[in-house]
2 protein chains.
Amino acid sequence: MIDAAGLRVMKAIADEGSFTSAANALGFTQPAISQMVRRLEQRTGTVLVERYGRQVRLTEAGQVLARHAVGVLAALDAAEEEITAIAGLRAGRVRLQAFPSSSATLVPRTLAILKARHPDITVTFTEAEPPESLAALRRGDCDVAVAFAYEGGDLGELEEDLSLLVTRRLMDDEVRLVVPRSHAHAGDEAATLSDFSGEEWIAGCPRCRGHLLSLADTAGFRPNVAFETEDYVAQLGLVTAGLGVALVPDLILNAAKHDEVATLPLAPASRRQILAVTTPDLLRVPAVAAALDALCEAAGADPKVSPAQLVGAKG
Amino acid sequence: MIDAAGLRVMKAIADEGSFTSAANALGFTQPAISQMVRRLEQRTGTVLVERYGRQVRLTEAGQVLARHAVGVLAALDAAEEEITAIAGLRAGRVRLQAFPSSSATLVPRTLAILKARHPDITVTFTEAEPPESLAALRRGDCDVAVAFAYEGGDLGELEEDLSLLVTRRLMDDEVRLVVPRSHAHAGDEAATLSDFSGEEWIAGCPRCRGHLLSLADTAGFRPNVAFETEDYVAQLGLVTAGLGVALVPDLILNAAKHDEVATLPLAPASRRQILAVTTPDLLRVPAVAAALDALCEAAGADPKVSPAQLVGAKG
DNA sequence: CAGATTGCATAATCATCGGTTATGATCGGG
DNA sequence: CCCGATCATAACCGATGATTATGCAATCTG
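Residues numbered from 1 in each chain as written. Chains lettered and ligands numbered in written order. Predicted model: local features only at pLDDT ≥ 70, side-chain atom pairs only at ≥ 80, totals over all residues. Heavy atoms only, no water.

1. Brief notes about the pattern of salt bridges
When the charged atoms of two side chains with opposite charge come close together, those side chains can pair.
Residue and element names in this part refer to chain A.
(1) Moving on: Following the criterion strictly, the structure yields 28 salt bridges over all chains and no others.
(2) Moving on: Between R169 and D172 there is a salt bridge, with the nearest N and O atoms lying 3.0 Å from each other.
(3) Moving on: Look at R169 and you get partly exposed, because its relative accessible area is 46%. (Salt bridge = Lys/Arg side-chain N within 4 Å of Asp/Glu carboxyl O. Buried < 20%, exposed > 50% of the residue type's maximum accessible area, 1.4 Å probe, protein only.)

Written out as structure tokens, the structure reads:
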């Protein structure tokens, strides 16, 4: 019944004192004001302005509208300002979820970049394994999920349902075999998995364990998994103690101290892809786009820095 | 840029969780919501809803709009409610100005009627002589002015400029000659003004004095005005004390005690019209219209009661 | 007092907005 | 694997809300 335009007009009349001035103030012509008032009057069924001679005055009802206009228009302006702040990255929120081993290096670097570039957007970070983070993304509880996908026997097979989602490849994370320094193969240039079929194995998270089993299956053995822990530092400790060998991604080795163990590249090499995942719509949200850019940059997936350089520099 | 309709839609989506439900809640069809959202999105340049599969969720920007919608829509409702209250006489204001001698009878009766009939409208009353009350009306500081106009030598001549104003005739107020009980003509049925050319006169307000001079001029003499006071009770007191004679309207005589004096109708009779004056626009304001009706009723100008009856009953 | 000026109202016109119905595409469930 | 639910799109259409042109009345001015 009453809309913002009507209120704006009433307030302009109250402020300016005449239809003509109100029209000028609003950038309209005088007849526009005339009929706007007439429409308002017949909509509300009340007299809003009192015409006396060639001057107009607001009636009580008109003053009521003009008075309310102040608050309503202010609220609308505030909403608009908030929206444009979000659009202009002067505000906004990104809810990031990343799997634990990325929290050590990738995420902190991303947050630093984001903070430096857009200090006014607030970033929320939650540690979550890909199944949960992707579920949160689907549920709407998360804007960007950092996940990983092993390149299994059949290359490119992603272990999660990524339909309806968009992914951005951040980096390839090579998986290495970690053995004690004292191990017979510790000095090898590369490790052939079948050489370690008799070892005791230390497995990581469920999906990593699945990957280990898959690789071993290809190599023709079934590994003897003696320990399971999601804590990579603990895995390295167990290897150091000579209690077994483990497959550990580069991403971890770059972040955790591992002087006491030997890390061998696999032959043939095995990698996992680190992916940033979001939805097509969120991709167009400035803050989310900025977060994705920061992730790429932190991962070295930016055109200027090739993934190889980055991995090489740290390995 | 953002209007109330858009906010209403965003809030409905937030509340209902889907376009279809929102459309039902608002009484629209689903495509209406679809394109409303699209318009809003391209106006603001931001993504407002996130489509995931066949469900929609608000983005942060969308939630901002939905959040602001609550306040804005509440304010609009409040404004609308105030307007309809005024239209329905459940609220509203009338600023009444009346000349002093009407304050005694006419105005109190009017206020009582108004209060009984529409207890929720607030009436402001200011005592003012017609020139000032009409000026206030023109200035917009008053909604209804109760004025009087003498029917001078040339009948129907109104002493005020009533262009642009509307008048409603409330009653005819006959002017009587007031003389001491002891006066030689105290027992006459009617008074011929020329018989009193030698008297000392007690004049009232400037316009009443003007009327006296006009009547005397017609009767062929120039009255000797010994006293001037706007206080009618004082006038009666002066007459009682034998200090002179005075022309006093019936309206006063009906209200003030005057046992000690004789009141004679003039021959030929002289009257003043009591008028309610307002502007054409204000006439359509419910509270003003109600006030006018009450005035008419209080004055007996209502069709059911003729002015003659009323005046006769009280004289 | 007449004429110029000012300010609102009205008429005719036109673009856009904001709704409708009809239909298509796609996701999720039986 | 098909069906139902949900959103998107297209075509259409009336009402809204602006414009220009003009009229009329009040006020100011010489």
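Here the narrative resumes.
2. Describing the pairing of strand β10 (residues 261-278) of chain A
(1) Moving on: Bridge count between strand β5 (residues 144-150) of chain A and β10(A): six bridges; the pairing is antiparallel. Its bridge partner being in β10(A), A:Y150 is matched across the sheet by A:R272. (Pairing = 2+ DSSP bridges. Helix = DSSP H or I, 4+ residues; strand = E, 2+ residues; numbered from the N terminus.)

3. Here's the deal with the domain arrangement of chain A
(1) Moving on: What the domain assignment reports for chain A is domain 1 (4-87) and domain 2 (93-314).
(2) Moving on: Between the C-alpha centres of domain 1 of chain A and domain 2 of chain A the distance comes to 60 Å. (Domains from an automatic or database assignment.)

4. Quick word on the protein's contact with DNA strand D
(1) Moving on: Around DNA strand D, the surrounding shell holds 22 residues, and the nearest of these are A:T29, B:T20, B:S34, B:R51 and B:R54.
(2) Moving on: The protein-proximal atoms of DNA strand D, defined as those within 4 Å of the protein, are 58% sugar or phosphate.
(3) Moving on: The contact in question runs from a phosphate oxygen of DNA strand D to an N or O atom on the side chain of B:S34, over 2.7 Å.
(4) Moving on: B:R51 is positioned such that a nitrogen or oxygen atom in its side chain is 2.6 Å from a phosphate oxygen of DNA strand D.
(5) Moving on: Per-element tally for the surface near DNA strand D: the top contributor is helix α3 (residues 30-44) of chain A, with six residues.
(6) Moving on: Across the surface near DNA strand D, the residue classes tally to eight nonpolar, seven polar and seven charged. (Near = heavy atom within 4 Å. Polar contact = N/O pair within 3.5 Å; in protein donor to acceptor, adjacent residues only side chain to side chain. Nonpolar A, V, L, I, M, F, W, Y, C, P; charged D, E, K, R; others polar.)

5. Points about the protein's contact with DNA strand C
(1) Moving on: In the vicinity of DNA strand C, 22 residues are found, and the nearest of them are A:T20, A:S34, A:R51, A:R54 and B:T29.
(2) Moving on: Looking at DNA strand C alone, sugar and phosphate atoms form 60% of those within 4 Å of the protein.
(3) Moving on: A distance of 3.5 Å is found between a phosphate oxygen of DNA strand C and a side-chain nitrogen or oxygen belonging to A:R38.
(4) Moving on: Taking B:R39, its side chain carries an N or O atom lying 3.1 Å from a phosphate oxygen of DNA strand C.
(5) Moving on: Only α2 (19-26) and α3 of chain A together with α3 (30-44) of chain B provide two or more residues apiece to the surface near DNA strand C.
(6) Moving on: Considering every element that reaches the surface near DNA strand C, the biggest residue donor is α3(B), with six residues.
(7) Moving on: Split into classes, the residues belonging to the surface near DNA strand C amount to eight nonpolar, seven polar and seven charged.

6. Observations regarding the sheet that holds strand β6 (residues 166-180) of chain A
Residues and elements named next belong to chain A.
(1) Moving on: The sheet built from eight strands is open, its strands ordered β4-β3-β5-β10-β6-β9-β7-β8 with mixed pairing. Edge positions in the sheet fall to β4 (122-127) and β8 (224-228), since each of these pairs with one other strand and no more. For this sheet, the mean inter-axis angle between neighbouring strands, taken without regard to orientation, is 30°.
(2) Moving on: Sheet topology places strand β7 (residues 200-203) next to β8; four bridges connect them, and they run parallel. Of the residues in β8, the one forming a bridge with I202 is F227. (Axes fitted to C-alpha atoms, helices over the stretch in contact; angles between N-to-C directions.)

7. Structural notes on the side chain of B:E41
(1) Moving on: Note on placement: B:E41 falls in helix α3.
(2) Moving on: Setting aside chain neighbours within four positions, we find B:E41 in contact with B:T46, B:V47, B:L48, B:V49 and B:R51. (Contact = heavy atoms within 4.5 Å.)

8. As for the relation of the copies chain B and chain A
(1) Moving on: The transform that puts chain B on chain A rotates by 180° and translates by 0.0 Å along the axis, for an RMSD of 0.1 Å. One copy is carried onto the other by what is essentially a two-fold rotation axis. When C-alpha distances to the rotation axis are compared across chain B, the minimum falls at B:V72, with a value of 2.7 Å. (Least-squares fit on C-alpha atoms with pLDDT ≥ 70 in both.)

9. Quick notes on the interface of chain B and chain A
(1) Moving on: On the chain A side, the residues contacting the 45 residues of chain B number 45 residues.
(2) Moving on: The largest contributions to the chain B side of the interface with chain A come from B:Y52, B:E60 and B:I83, which together make up 16% of the buried area.
(3) Moving on: At the boundary of chain B with chain A, the tally comes to two salt bridges.
(4) Moving on: At the boundary of chain B and chain A, one finds 15 residue pairs in polar contact (both at pLDDT 80 or more).
(5) Moving on: For the side of chain B that touches chain A, the secondary structure elements donating two or more residues are β1 (49-52), β2 (55-58), α4 (60-87), α7 (130-139) and α11 (280-283) of chain B.
(6) Moving on: Here the side of chain B that touches chain A takes 17 residues from α4(B), the largest share from any one element. (Buried area = accessible area lost by both parts, 1.4 Å probe.)

10. What to know about α3(B)
(1) Moving on: Between the first and last C-alpha of α3(B) there are 21 Å, a value that for 15 residues agrees with the 21 Å anticipated at 1.5 Å per step.
(2) Moving on: Considered for burial, the residues of α3(B) that qualify are B:I33, B:M36, B:V37, B:L40, B:E41 and B:T44. For α3(B), the angular spread of buried residues about the axis comes to 135°, placing them on one side. Across α3(B) from its buried face, at more than 90 degrees, point the exposed residues B:R38 and B:Q42.
(3) Moving on: Tucked inside the fold, the buried residues of α3(B) contact α4 (60-87) of chain A together with α1 (4-16), α2 (19-26) and β1 of chain B.
(4) Moving on: Among the residues trailing α3(B), B:G45 stands out with phi positive, at a value near 70°. (Expected span 1.5 Å × (residues − 1). Arc of directions from axis to C-beta.)

11. Observations regarding the packing of aromatic side chains
(1) Moving on: One pass over the structure, following the stated rule, counts six aromatic pairs over all chains.
(2) Moving on: Pairing A:F148 with A:Y150 gives two aromatic rings, centres 5.6 Å apart and planes at 80°, and the pair type is edge-to-face.
(3) Moving on: What makes A:F148 buried here is its relative accessible area of 3%.
(4) Moving on: Assessed through its relative accessible area of 4%, A:Y150 is described here as buried.
(5) Moving on: Ring plane angle 75° and centroid distance 4.6 Å describe the contact between B:F99 and B:F148, whose orientation is recorded as edge-to-face. Placement of B:F99 in the loop between β3 (93-98) and α5 (100-103) and of B:F148 in strand β5 (residues 144-150) is noted, with a sequence separation of 49 residues between them. Summarising the burial analysis for this pair, B:F99 and B:F148 share the class buried.
(6) Moving on: The rings of A:F99, A:F148 and A:Y150 are connected pair by pair, giving a single aromatic cluster. (Phe/Tyr/Trp six-rings, centres within 6.5 Å; stacked < 30°, edge-to-face > 60°.)

12. Overview of the sheet that holds strand β4 (residues 122-127) of chain B
Residues and elements named next belong to chain B.
(1) Moving on: Judged by pairing direction, the sheet is mixed, and its eight strands sit side by side in the order β4-β3-β5-β10-β6-β9-β7-β8 without closing on themselves. Bordering the open sheet on either side are β4 and β8 (224-228), each of which pairs with just one other strand. Strand after strand, the sheet turns through a mean of 30° between neighbouring axes, direction not considered.
(2) Moving on: When β3 meets β5, the two strands line up parallel, connected through three bridges. Bridging across to β5, L96 finds its partner in V144.
(3) Moving on: Most of the contacts of helix α9 (residues 232-240) go to strand β9 (residues 245-249), to which it runs at about 145°, and overall it touches β6 (166-180), β7 (200-203), β8, β9 and β10 (261-278).

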